[in-house]
Amino acid sequence: MKKEDTVKLISAEGFEFVIDKNAAMVSQTIRNMLTSPGDFAETEHQEVTFPEISTTILEKICQYFYWSLQYASGKETEFHIEPELTLELMMAANYLHT
Amino acid sequence: MGGACSRKRDQQTNDDIVLGGVSRRYSKSGSSKWLGTSFSRASVDNKQGNTIPPSLMELCIYKISQEIDEYGTFSMLPRDISQQIFNELVYSQRLNEASLEAFLDCALQDINLGEYPGVDDTWMDVISSQGSSLLSADLSSSDVTDSGLLHIKECKNVEALNLNFCEHISDVGLGCITGLSNLTSLSLKRNTSITAKGMSVLSGLVNLSKLDLERCSGIHGGLVHLRGLKKLEALNMNCCNCITDADMKPLSDLRNLKELQISSSKVTDNGVTFLKGLHKLALLNMERCPITAACLDSLSDLVALLFLNVSRSNITDDGCDKFSKLKSLKVLNLGFNDMSDAVLAHLKGLINLESLNLDSCRIGDKGLVHLAGLVCLKCLELSDTEVGNNGLRHLSGLVNLESLNLSFTLITDGGLRHLSKLSSIRSLNLDVRQITDAGLAILTSLTGLTHLDLFCAKITDTGTNHLRNFKKLRSLEICGGGLTDAGVKNIKDLKSLMLLNLSQNSHLSDKSLEMISELTNLVSLNVSSSRITSAGLKHLTSLKKLKSLSLESTKVTANDIKRLHESHLPDLVTFRPE
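Residues numbered from 1 in each chain as written. Chains lettered and ligands numbered in written order. Predicted model: local features only at pLDDT ≥ 70, side-chain atom pairs only at ≥ 80, totals over all residues. Heavy atoms only, no water.

Caption draft 1: Broad picture of the overall build of chain A. Counting its secondary structure elements, chain A contains five helices and three strands. When its helices and strands are written in sequence order, chain A yields β-β-α-α-α-β-α-α. Taken against the 2.2 N^0.38 rule, which gives 13 Å for 98 residues, the C-alpha radius of gyration of chain A at 13 Å falls within 12% of a compact globule. Considering only C-alpha atoms, chain A reaches an extent of 40 × 30 × 20 Å along its principal axes. Buried residues in chain A amount to 44% of all 98 residues. Of the contacts formed within chain A by residues at least 6 apart in sequence, a portion of 60% connects residues at least 24 apart. On chain A, roughly 5,300 Å² of surface is accessible, and the fraction owed to carbon and sulfur atoms is 51%. (Helix = DSSP H or I, 4+ residues; strand = E, 2+ residues; numbered from the N terminus. Rg over C-alpha atoms; globule rule 2.2 N^0.38 Å. Buried < 20%, exposed > 50% of the residue type's maximum accessible area, 1.4 Å probe, protein only. Contact = heavy atoms within 4.5 Å. Areas by Shrake-Rupley, 256 points an atom, 1.4 Å probe, with all protein chains shown as cover.)

Rendered as structure tokens:
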């Protein structure tokens, strides 16, 4: 995987997730951060920090990004969500426009 | 987090409430609104033909609504999220008195529970706990009583309140809304307890722009309280047979009124005189009122008047020259009046007319000459008139016609050539016994047709060959008895069909169903009075969109259909025999 094809998403606890850029772009918010014109740190370093999203939730969100791409390409599986994560996941999804 | 990205209020789909839900069905029983509970948002195709994945938000909301009992409260969520959960629970009918508790103090803006089963006073605590956030509430068809409604006082910002078909709400309950001065829309359809006295609270609702009192039978004398409502734009009093001329008088002050509906009231020509100064009036519905053409004098200065319904009234030829003054009219309904061709002469100058209804009037070929110049006409209703082939000649230049109803007229095949150039026609009703295969052959140029009614026309298998030209047909009715399975073969390629009625063609067999099985867009199918048997039902399993199926007077039993419904067609809502 070439470095320019990936992005780094960093959780509140500082945990780093390196994922495909096109997966991360499933989120409209991340897409805007990475592609907005100007000298934003996010655009330059291709990394985004989420001080309000915990590692568990960010991991789940990354899973969703990949699931979403698969689904769009025709592999329509079920996406499992643990009941205890739902509310926190929703707030993150709201923020990320996902 | 969350709040910053809150979806704006106007992105939500609650227009229904704000508009008063005129087109919605309200009744406690017999409603099919709650029968469709599928969560099918994910399967929408995008332009590339790929499936759009459900958003993570949608997945979470769906998950919660399935396990709603696991959640004690949503009050920690941003309100736009709890609003979405609430809406999904209502949509999927998983909300009940117990799960409602989770929404206590959630600052919801919209509580849309119209026709929702089981809503009563016990729900009002949670509803009113939304406090000043609540902007709209629909409690129509609920069992909420006066004492339950008392709680709504706390929701000072409510803009739209819908209490249609709330049988337990009277003047006392209405008293609770006195302070809700932000109300712009109030709906009280079919409330028989409200009287003139109770209506006094309306005088304080100075921001009211829309008031619906349809079927309220006790409001005579109460309209005086509307006098000060300068912002009132729409007033519906259809089917209030207590309303008389005296009730019209206070309306003369409502200078901003744009829509007034008083159908089936006791208002006469005298009452209509009070509307003279309502210069913004655009819509006036006086169906079934004891009015005559004399009332048109009072309307002649209303330059904004676009829609006028005076069907089933006492209008005759007398004084109907006054129609010529209503030049701004776009829609005119004169149906079921005892009037003749003489009236049509006075419509000649109404060149803005887009829709004209002459259903069951005593008009014939001579009158139609006066319609020849009304080139804006899109919709013309001539059902049950004495119009024949010579009359159709005058319609041949109405190139904008989209809908034409000629059912039960005197026309024959020969007259249809006058319609063959009307390429804008989408809907054509030829439910006439004299129309045959030869007539259909003349119309093959009307390739834009989406609706074709040949109910009692004499169409045989030969005639169905011409149907191939109508590739866009969405509804088709041929029930004259002349079709066999061979004719259905020509119908099976009309893939856009959503409604198909082939009843009373007694020769149709299971083979027909086999061919119909390819029409996978069908929502409604009727093949009653035919030779269909239970063995044929297997062909219908591909019709996944079917909601209505009628196979009355065939060899199919109620049990056969029930089994088909349960095993393959879960979306069926009505079926016969049952």
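Having seen the model, we can carry on.
Caption draft 2: Representation of the packing of aromatic side chains. A complete count under the given rule lists 10 aromatic pairs over all chains for this structure. On the numbers, 5.2 Å between centres and 50° between planes, the contact of Phe-15 of chain A with Phe-17 of chain A is tilted. A relative accessible area of 48% places Phe-15 of chain A in the partly exposed class. Using a relative accessible area of 12% as the deciding quantity, one classes Phe-17 of chain A as buried. With centroids separated by 5.2 Å and ring planes inclined at 85°, the aromatic side chains of Phe-86 of chain B and Phe-103 of chain B adopt a geometry described as edge-to-face. Taken as a pair, Phe-86 of chain B in helix α3 (residues 79-91) and Phe-103 of chain B in the loop between α4 (97-100) and β1 (110-112) lie far apart in primary sequence, 17 residues in all. For Phe-86 of chain B, a relative accessible area of 1% translates into the label buried. When the ring centre of Phe-79 of chain A is taken as reference, the NZ or CZ atom of Lys-60 of chain A above it lies at 5.1 Å. Above the plane of the ring of Phe-336 of chain B lies Arg-312 of chain B, whose end atom (NZ or CZ) is 3.7 Å from the centre. (Phe/Tyr/Trp six-rings, centres within 6.5 Å; stacked < 30°, edge-to-face > 60°. Lys NZ or Arg CZ within 6 Å of the ring centre and 35° of its normal.)

Caption draft 3: Just unusual backbone geometry, in detail. All names here are of chain B. Between Arg-576 and the following residue, Pro-577, the backbone shows a cis peptide bond with an omega angle of -10°. Take Pro-577: it is sitting in the segment after β20 (574-576). Despite not being glycine, Gln-93 shows a phi value in the positive range, around 55°. By the secondary structure assignment, Gln-93 is in the loop between α3 and α4. Judged by relative accessible area, Gln-93 falls into the partly exposed class, the value being 31%. Although it is not a glycine, Ala-107 sits at a positive phi angle of roughly 55°. Counting through the fold element by element, Ala-107 comes out in the loop between α4 and β1.

Caption draft 4: Looking closely at helix α2 (residues 28-35) of chain A. All names here are of chain A. Along α2, the residues classified as buried are Thr-29, Ile-30 and Leu-34. Taken end-on, α2 shows its buried residues confined to a sector of 125°, consistent with a single buried face. Measuring from the backbone nitrogen of Thr-29 back to the side-chain oxygen at the start of α2 gives 3.3 Å, which picks out Ser-27 as the cap. (Arc of directions from axis to C-beta. Polar contact = N/O pair within 3.5 Å; in protein donor to acceptor, adjacent residues only side chain to side chain.)

Caption draft 5: Here's a closer look at α3 of chain B. Between the first and last C-alpha of α3 of chain B there are 18 Å, a value that for 13 residues agrees with the 18 Å anticipated at 1.5 Å per step. Those residues of α3 of chain B lying buried are Asp-80, Ile-81, Ser-82, Gln-83, Ile-85, Phe-86, Glu-88, Leu-89 and Val-90 of chain B. Each element contacted by the buried residues of α3 of chain B is listed here: α5 (86-96) of chain A together with α2 (56-66), α4 and β1 of chain B. Immediately beyond the C-terminal end of α3 of chain B, within one or two residues, lies Gln-93 of chain B, with a positive phi of roughly 55°. (Expected span 1.5 Å × (residues − 1).)

Caption draft 6: Molecular detail of the state of the cysteines. Residues and elements named next belong to chain B. What the rule picks out here adds up to zero disulfides over all chains. In this model Cys-216 remains outside any disulfide bridge; the closest cysteine sulfur is found in Cys-240, 5.6 Å from its own. With no disulfide of its own, Cys-456 has Cys-479 as its nearest cysteine by sulfur position, at a separation of 9.1 Å. The exposure class assigned to Cys-456 is buried, which follows from its relative accessible area of 13%. (Disulfide = S-S within 2.5 Å.)

Caption draft 7: Geometry of the side chain of Thr-450 of chain B. Tracing the sequence through the fold places Thr-450 of chain B in the loop between α14 (437-442) and β15 (451-454). Given a relative accessible area of 9%, Thr-450 of chain B falls into the buried group.

Caption draft 8: Representation of the packing of α2 of chain B against α3 of chain B in the model. Residues and elements named next belong to chain B. Orientation of α2 relative to α3, taken along the N-to-C sense of each, is 55°, at an axis distance of 9 Å. Our classification of the angle between α2 and α3 gives oblique. Where α2 crosses over α3, the two elements pack in a sense that is right-handed. Judged by residue contacts, Met-57, Ile-61, Tyr-62, Ile-64 and Ser-65 of α2 engage Ile-81, Gln-84, Ile-85, Glu-88 and Leu-89 from α3. For the contact of α2 with α3, the per-class residue count stands at seven nonpolar, two polar and one charged. (Axes fitted to C-alpha atoms, helices over the stretch in contact; angles between N-to-C directions. Parallel < 35°, antiparallel > 145°, perpendicular 65-115°, else oblique. Left-handed = near helix turned anticlockwise from the far one by under 90°. Nonpolar A, V, L, I, M, F, W, Y, C, P; charged D, E, K, R; others polar.)

Caption draft 9: View of the interface of chain A and chain B. Counting residues at the interface gives 24 residues for chain A and 27 residues for chain B. Roughly 2,300 Å² of surface becomes buried between chain A and chain B when both sides are summed, with 73% attributable to carbon and sulfur atoms. Across the chain A-chain B interface, the total number found is zero salt bridges. Seen at the junction of chain A and chain B, the total is six residue pairs in polar contact (both at pLDDT 80 or more). At the level of elements, α4 (55-72) and α5 of chain A are the ones that each hand at least two residues to the side of chain A that touches chain B. No other element matches α5 of chain A, which puts nine residues into the side of chain A that touches chain B. For the side of chain A that touches chain B, the per-class residue count stands at 16 nonpolar, six polar and two charged. (Buried area = accessible area lost by both parts, 1.4 Å probe. Salt bridge = Lys/Arg side-chain N within 4 Å of Asp/Glu carboxyl O.)

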